[in-house]
Amino acid sequence: MATIAAPRPTAPRRRFIPFVGETLAYFHDPLRTLDFHYREFGPVSKINFVGRPWTVLLGPDACEIALRNADKAFANAGGWGYLIGPFFDRGLMLLDFEEHHHHRRILQEAFTRDRIADYTSTLGPAITSGLDAWPTGPEFRAYPTLKDLTLDLATQIFMGGADVADADELTRVNQAFMDCVQAGLGFVRANVPGTRWRRGLRGRRVLEEFFSRHIPARRAGSGTDLFSALCHIETDDGQRLTDDDVVNHMIFLLMAAHDTSTITVTTMMQQLGQYPEWQARCRAESEALPLHPSLDEIDTLTSLDLVMKECLRLVPPVPGLARQTVKDTEVLGHHIPAGRRVTVGVHLSHHMPELFPDPERFDPERFADDRREDKVHRYAWQPFGGGVHKCIGLYFGTVEVKMVVHQLLRRFEWTVDPDYVPPMNYHSLPFPKDGLPVDLRPLSLGSAE
Ligand code: HEM
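What counts and how
Residues numbered from 1 in each chain as written. Predicted model: local features only at pLDDT ≥ 70, side-chain atom pairs only at ≥ 80, totals over all residues. Heavy atoms only, no water. Axes fitted to C-alpha atoms, helices over the stretch in contact; angles between N-to-C directions. Helix = DSSP H or I, 4+ residues; strand = E, 2+ residues; numbered from the N terminus. Parallel < 35°, antiparallel > 145°, perpendicular 65-115°, else oblique. Left-handed = near helix turned anticlockwise from the far one by under 90°. Contact = heavy atoms within 4.5 Å. Nonpolar A, V, L, I, M, F, W, Y, C, P; charged D, E, K, R; others polar. 1 Å grid on protein atoms, 1.4 Å probe; cavity = no way out; pocket = protein on both sides within 12 Å on 5 of 7 lines; lining within 4 Å. Points joined across faces, edges and corners; volume = space filled by probe spheres on them. Expected span 1.5 Å × (residues − 1). Buried < 20%, exposed > 50% of the residue type's maximum accessible area, 1.4 Å probe, protein only. Polar contact = N/O pair within 3.5 Å; in protein donor to acceptor, adjacent residues only side chain to side chain.

**Q** Just to check I follow, could you spell out the packing of helix 7 (residues 142-159) against helix 11 (residues 243-274) for this structure?
**A** Interhelical geometry of helix 7 versus helix 11 gives an angle of 140° and a closest axis separation of 9 Å. In terms of orientation, helix 7 lies oblique with respect to helix 11. The element helix 7 and its partner helix 11 pack so that their crossing is right-handed. On helix 11, the residues that touch Ala142, Tyr143, Leu146, Lys147, Thr150, Leu151, Ala154, Phe158 and Met159 of helix 7 are Met250, Leu253, Leu254, Ala257, His258, Asp259, Ser261, Thr262, Val265, Thr266 and Met269. By residue class, the composition of the contact of helix 7 with helix 11 is 13 nonpolar, five polar and two charged.

Structure (structure tokens):
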């Protein structure tokens, strides 16, 4: 494996406006900001982000050191905890070391292939009925429509459908969940009236009350949704989740699954709309499968797999991973003191020409067996993270995204202006501010089995 950048002796710092620092520059154009840091200062530098100094690790060598975390210097609680802690308290990603290991072992039982087959058996029909309600035409906005769809899917798969609550309650729960997601990256980080922070805290209470109230029925029942699974899973040596654990993990899992899948499908719709030859190629594979394919059948969608990987490269839904050092450490010759917040900038690696030639070009074949550009470095392509915190929902999320796009390909054809460049919002996870305008047309083939 090649070493990509030469280490530098100190972690230099760029001058910036007090308090808001480079946050605004980052929100405006994260890649440019990070690329500037990397080219100017090397793989380890400092940045001022949402009111605090952060060390920023860029390039695959620096990212690898933090994510592999061999000397256990990097912890998630103080990193992610600073950004989203009050709203996603004790979610798996916010736990560390022994405690994280303990919870991850139990949660792994909810992500076995058999369990995922159970979840996805309800997914296919739920996607079909969601798409039945989609408007078509030149004014279609992909992102908000997909966001609603994936939230409905989460209700079906995560919570076992409408039996959990009536429609009003679901609306309230969905709003509470959105408020939690939005809360993390506001500039005001205190319980002040009218702020995202306050709405997030209120949302967290609504979600806690909601899930706690439904636990007894889930423990007693035999549902195959994720909520029921968390109530029943047990490791070989008898470890189970407490009621509080189930609540905390459910709230985090909803968040972890929702925006990430929405963003991935949005990028796929954009690229497939701009590259009709890829849309046709993926559709041909989808038409060879039933409308509701099995997990094995989904694995045969090879063109869709290439497209998904390329979209995750271009727009990783989690562009930077947050950590905090729990002891003094060193990365590529740079000293990082204990207590420093650190961001692991996987996004930039995805756009480095040293790793991915002509990086801004949509070129799914770069992931084909005869090229595998992602193999140039183990940490070149990390949309799901790496090390012990690597996404536990990687397979499930991949299946969900492919099942949605598979059905889109069988029901619709769509175009996106070939010159369109999405105006991205990076305030929380990335999304196109204009909702991604798409000309969506029903396909005469329809949704026949
Ligand atoms: C395309 C979809 C997805 C992407 C791109 C994605 C990305 C990520 C990334 C980058 C991390 C690592 C964060 C870090 O190390 O700081 C992560 C962790 C995690 N993800 Fe995903 N994710 C996706 C879907 C899902 C789904 C569907 C679920 C659950 C159903 C999920 C659950 C989790 C959990 C629980 C963690 C924390 C793991 C741990 O700390 O041990 N994700 N995800």
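There is more to say after this.
**Q** How should the layout of surface pockets be read in this particular structure?
**A** Empty space among the atoms becomes visible once a probe the size of a water molecule is rolled across them. A volume near 680 Å³ is recorded for the largest pocket. Along the wall of the largest pocket there are 30 residues; nearest its centre are Val315, Glu360, Val421, Pro422 and Met424. Elements that contribute at least two residues to the lining of the largest pocket include exactly helix 2 (30-41), helix 11 and strand 11 (431-432). Across the lining of the largest pocket, the residue classes break down as 19 nonpolar, eight polar and three charged.

**Q** Help me understand helix 8 (residues 167-183), please; the structure alone is not making it clear to me.
**A** In an α-helix, one turn spans 3.6 residues; hence positions three or four apart end up facing the same way. In this model helix 8 runs 24 Å from its N-terminal to its C-terminal C-alpha over 17 residues, within 8% of the 24 Å that 1.5 Å per residue would give. Within the sequence span of helix 8, burial applies to Glu169, Leu170, Val173, Asn174, Ala176, Phe177, Met178, Asp179, Cys180, Val181 and Ala183. Close packing links the buried residues of helix 8 with helix 7, helix 9 (196-220) and helix 11.

**Q** What should I look at first to understand empty space enclosed by the protein in this one?
**A** Tallied over the entire structure, the rule returns two cavities of 30 Å³ or more. The calculated volume of the second largest cavity comes to roughly 40 Å³. Contributing to the lining of the second largest cavity are Leu151, Ala154, Thr155, Met159, Val173, Asn174, Phe177 and Leu254. Secondary structure elements with two or more residues in the lining of the second largest cavity: helix 7 and helix 8. Counting residues per element, the lining of the second largest cavity draws most heavily on helix 7, at four residues. Partitioned by chemical class, the residues of the lining of the second largest cavity number six nonpolar, two polar and no charged.

**Q** I keep staring at the environment of Thr195 and nothing clicks. Help me out?
**A** Relative to the assigned elements, Thr195 resides in the loop between helix 8 and helix 9. In this structure, the C-alpha to C-alpha distance between Thr195 and His37, residues 158 residues apart in sequence, is 31 Å. One polar contact links the side chain of Thr195 to the main-chain carbonyl oxygen of Val192, over a distance of 2.5 Å.

**Q** Looking at this structure, how should I read unusual backbone geometry?
**A** Trans is the prevailing form of peptide bonds, just as negative phi is the prevailing case for residues other than glycine. Although it is not a glycine, Asn69 sits at a positive phi angle of roughly 55°. Mapped onto the elements, Asn69 comes out in the loop between helix 3 (60-68) and strand 3 (74-75). The exposure class of Asn69 is buried, given its relative accessible area of 14%. In this model, Leu436 sits at a positive phi of 65°, which is unusual for a non-glycine residue. Within the secondary structure, Leu436 is located in the loop between strand 11 and strand 12 (437-442). The exposure class of Leu436 is buried, given its relative accessible area of 1%.

**Q** What am I meant to see in the side chain of Thr260 here?
**A** Here Thr260 lies in helix 11. From its side chain, Thr260 meets the backbone oxygen of Ala256 in a polar contact 2.6 Å long. Among all residues touching Thr260, those that are not within four sequence positions of it are Pro317, Val318 and Leu429.

**Q** So what exactly am I meant to see when it comes to the environment of Asp96 here?
**A** Relative to the helices and strands, Asp96 is located in the loop between helix 4 (77-84) and helix 5 (97-108). Remark: the alpha-carbon pair of Asp96 and His389, spanning 293 residues in sequence, is separated by 9.0 Å.

**Q** Honestly, the packing of helix 12 (residues 276-287) against helix 16 (residues 394-411) in this entry has me stumped. Any pointers?
**A** When two helices pack together, their arrangement is given by the angle between the helix axes and the distance between those axes. One way to put it is that helix 12 packs onto helix 16 with a least axis distance of 9 Å and a crossing angle of 100°. Overall, the two elements helix 12 and helix 16 adopt an arrangement that is roughly perpendicular. Where helix 12 approaches helix 16, its residues Gln279, Cys282, Arg283, Ser286 and Glu287 are matched on the opposing element by His406, Leu409 and Arg410. Split into classes, the residues belonging to the contact of helix 12 with helix 16 amount to two nonpolar, three polar and three charged.

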